[in-house]
Amino acid sequence: MPLSIDEVEQVYLPLTRLLNLWFRSSRELRAATDRFLGRNGHGVPWIIGLAGSVAVGKSTFARVLTTLLSRWPQHPRVQLVTTDGFLMPNAELERRGLMQRKGFPESYDRGALLAFVMALKSGEERVTCPVYDHRSYDIVPDRHLVVERPDIVIVEGLNVLQSGVRTAFVSDFFDFAIYLDADLPDLRRWYVERFRELRDTAFQEPDSYFHRYASLTDRQADTRALEIWSSINERNLLDNILPTRERATLIARKGPDHEVVEVRLRRV
């Protein structure tokens, strides 16, 4: 669903102002620490983690934030990275019997994702990550996204706010974390609506992984979408994604029409 101008003005612009304040404060604190230690500090990216369910609108939310944040003079270089690129290739998922759990935590190369974020926070000048193609539903061989010391990096994904006790997690390196929330019935409905839309567009491409769904009737498409939602996406949401919500710095809650209706900010 397209964004309204009112929502951009009332939600996204104030949110980017808040993020800008946090970014500036973080940079000032880092500069003061470098002066105290007598070292020549070099800038490292300020990382925003963005989590939420399938169909909640993370991609659109992330793209809007990327565009608006890049207009602030303090951080014109903003880059978006999705964790889809760190999914294991389909061949490896098949080998491990995980194709029906694609999107669950165990379907990702979590070591590679952690190494990527650690490299960013170490100040490496050039970091690369794999690229995922939604049409083929797989990692693109020998293709990488290059990240060259941006001011801000937005890391968007289903499970990015997970944490642990005995090992480091990618969320340990976030400077700000956002959870995009919505009621379960709305998420289910949005997923079915998106499935229908994809059936009429992307699934029509002969090389699409889901081309087999291109000729489904509306009733058949809805039935299949609900099967996929119930067996995979809803289980992942309830077992892995939703439990991380309270770890977010900010929770943006959407109403039935896909617009953000409530924003909760954790007390500092």
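The text that follows walks through the structure, step by step, so that each part is easy to find. (Residues numbered from 1 in each chain as written. Predicted model: local features only at pLDDT ≥ 70, side-chain atom pairs only at ≥ 80, totals over all residues. Heavy atoms only, no water.)

## Section: the sheet that holds strand β1 (residues 46–52)
Read across the open sheet, the six strands follow the order β2-β5-β1-β6-β7-β8; overall the sheet is mixed. The two strands at the open ends of the sheet, each matched to only one other strand, are β2 (78–82) and β8 (260–265). Going from strand to strand, the sheet's axes swing by 20° on average, the running direction of each strand aside. Seen against the sheet, helix α4 (residues 110–121) touches β1, β2 and β5 (152–156) and runs at an angle of roughly 150° to β1. (Pairing = 2+ DSSP bridges. Helix = DSSP H or I, 4+ residues; strand = E, 2+ residues; numbered from the N terminus. Axes fitted to C-alpha atoms, helices over the stretch in contact; angles between N-to-C directions. Contact = heavy atoms within 4.5 Å.)

## A few points about the pairing of strand β3 (residues 127–133)
Here six bridges tie β3 to strand β4 (residues 138–147), and the two strands are oriented antiparallel to one another. Bridging across to β4, C129 finds its partner in L145. Hairpin geometry of β3 and β4 is characterised by an intervening segment of four residues between the two adjacent antiparallel strands and by a positive phi of about 65° at Y137.

## Here we look at the pattern of salt bridges
A full pass over the atoms with the stated rule returns 20 salt bridges. Of the charged contacts in the structure, one is a salt bridge between D186 and R189, with a shortest N-O distance of 3.1 Å. Of this pair, D186 and R189 are both found in helix α5 (residues 184–200), three residues apart, which corresponds to roughly one turn of the helix. You can call D186 buried: its relative accessible area is 10%. We classify R189 as partly exposed; its relative accessible area is 33%. (Salt bridge = Lys/Arg side-chain N within 4 Å of Asp/Glu carboxyl O. Buried < 20%, exposed > 50% of the residue type's maximum accessible area, 1.4 Å probe, protein only.)

## Describing the packing of helix α1 (residues 5–37) against helix α2 (residues 58–69)
It is at 10 Å that the axes of α1 and α2 come closest, and there the two elements cross at 60°. The angle between α1 and α2 falls in the class oblique. As for the relative orientation of α1 and α2, their crossing is right-handed in sense. From α1, V8, Y12, L13, L15, T16 and L19 reach across to α2, where they touch F61, V64, L65, L68 and L69. (Parallel < 35°, antiparallel > 145°, perpendicular 65-115°, else oblique. Left-handed = near helix turned anticlockwise from the far one by under 90°.)

## Things to note about α4
Spanning twelve residues, α4 covers 17 Å between terminal C-alpha atoms, matching the ideal 16 Å at 1.5 Å per step. Residues of α4 that are buried make contact with β1, β2, β3, β4 and β5. Two residues or fewer after α4 comes G123, characterised by a positive phi angle close to 85°. (Expected span 1.5 Å × (residues − 1).)

## Describing the packing of aromatic side chains
Any aromatic ring pair is given by two values, namely how distant the centres are and how the planes are angled relative to each other. Under the definition given, this model contains 14 aromatic pairs. Taken together, a centroid distance of 4.9 Å and an interplanar angle of 70° make the contact between Y137 and F210 edge-to-face. Here Y137, found in the loop between β3 and β4, pairs with F210, found in the loop between α5 and α6 (218–241); they are 73 residues apart in sequence, far enough to count as distant. Between F203 and Y213 the ring centres are 6.3 Å apart and the planes differ by 55°, which places this aromatic pair in the tilted class. Note that F203 is positioned in the loop between α5 and α6 and Y213 in the loop between α5 and α6, a separation of ten residues in sequence. (Phe/Tyr/Trp six-rings, centres within 6.5 Å; stacked < 30°, edge-to-face > 60°.)

## With respect to the environment of L15
Within the secondary structure, L15 is located in helix α1. The exposure class assigned to L15 is buried, which follows from its relative accessible area of 7%. Spatially, the C-alpha atom of L15 lies 9.7 Å from that of L250, the residues being 235 residues apart in sequence. Each residue touching L15, except ones within four places of it in the same chain, is listed here: F61, L65, I178 and L250.

## So, the side chain of N236
Relative to the helices and strands, N236 resides in helix α6. Under the relative-accessibility criterion, N236 is labelled buried at 3%. A polar contact of 2.9 Å, which involves the side chain of N236, links it to the backbone oxygen of G103. With sequence-adjacent residues up to four places away left out, N236 is seen in contact with G103, F104, P105, L158, N159 and I241. (Polar contact = N/O pair within 3.5 Å; in protein donor to acceptor, adjacent residues only side chain to side chain.)

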